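In case you want the letters, here they are:
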Amino acid sequence: MEEIKNDLTKYLIDIINPFIIVFGFYVILYGDISPGGGFQGGAILASVFILQYLSKPLNEIGIGKMQIIEKFFYLLIVLVPILSIFTRNIMFTNFVDPTTSLYSRFYLIIMNLLIGMKVSLGLTVIFYEFVMHERRWSK
């Protein structure tokens, strides 16, 4: 009976994960005009990795690679606002020309995406570090 319950859990998580991913990106992309944004969407996307681990704990992911990618997103979060020095001669503002129609949303969408990816990877790494710590101490 326990084996059937585990198989059902794995199956349901595999079905639910694509919907969670779409919802996470929806929250990120529409965070500038509705409640949500990069942090909230990133937390939703991190739940996909956590659910994946809970359904299949033997599947290991590369925490080191995730940490490197997370640092890359952090660097982009810092560098993208600096682009405005070259395009508008003002630091830490929208780098898109204000006369374009994309002006109001483009910068916020880019920043929300970068923050969402960084938060997603960061929360996933934190979760996996807790799991690895627990494994080390339980032996």
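Being a predicted model, the structure only gives us computed values, none of them experimental.

Moving on to helix 2 (residues 38–55). For helix 2, which comprises 18 residues, the first-to-last C-alpha distance of 26 Å matches the rise-based estimate of 26 Å (1.5 Å per residue) to within 8%. Residues Gly38, Gly41, Gly42, Ile44, Leu45, Ala46, Val48, Tyr53 and Ser55 constitute the buried set of helix 2.

A contiguous nonpolar patch, built from Ile21, Phe23, Phe25, Tyr26, Leu29, Tyr30 and Ile33 and spanning about 630 Å² of accessible area, is present on the exposed surface. Mapping Leu29 onto the fold places it in helix 1 (residues 2–29). The partly exposed category is assigned to Leu29, whose relative accessible area is 31%.

Moving on, we get to the environment of Leu29. C-alpha separation for the pair Leu29 and Gly41, spaced 12 residues apart in sequence, amounts to 8.6 Å. Look past the residues within four positions of Leu29 in its chain and what remains in contact with it is Arg105, Ile109 and Leu113.

What follows concerns the packing of aromatic side chains. For the structure shown, the criterion picks out five aromatic pairs. Look at Tyr26 and Tyr30: their rings are 5.1 Å apart centre to centre, the planes differ by 40 degrees, and that puts the pair in the tilted class. Here Tyr30 falls in the partly exposed class, since its relative accessible area comes to 35%.

In a soluble, globular protein the nonpolar side chains are often hidden away together inside. Ranked by size, the top nonpolar core spans 20 residues in total, and within it Val80, Met111, Leu114 and Tyr128 carry the most contacts. Among the secondary structure elements, those contributing two or more residues to this core are helix 2, helix 3 (63–88) and helix 4 (103–138). Take this core: its biggest share by element is 10 residues, from helix 4. For Tyr128, the contacting residues outside a window of four places in its chain are Phe49, Tyr53, Ile61 and Ile63.

Calculation criteria
Residues numbered from 1 in each chain as written. Predicted model: local features only at pLDDT ≥ 70, side-chain atom pairs only at ≥ 80, totals over all residues. Heavy atoms only, no water. Helix = DSSP H or I, 4+ residues; strand = E, 2+ residues; numbered from the N terminus. Expected span 1.5 Å × (residues − 1). Buried < 20%, exposed > 50% of the residue type's maximum accessible area, 1.4 Å probe, protein only. Patch = residues over 30% accessible without salt bridge, like charges linked within 9 Å, V, L, I, M, F, W, Y side chains within 5 Å. Areas by Shrake-Rupley, 256 points an atom, 1.4 Å probe, with all protein chains shown as cover. Salt bridge = Lys/Arg side-chain N within 4 Å of Asp/Glu carboxyl O. Contact = heavy atoms within 4.5 Å. Phe/Tyr/Trp six-rings, centres within 6.5 Å; stacked < 30°, edge-to-face > 60°. Core = buried A, V, L, I, M, F, W, Y, C linked by side-chain atoms within 4.5 Å.

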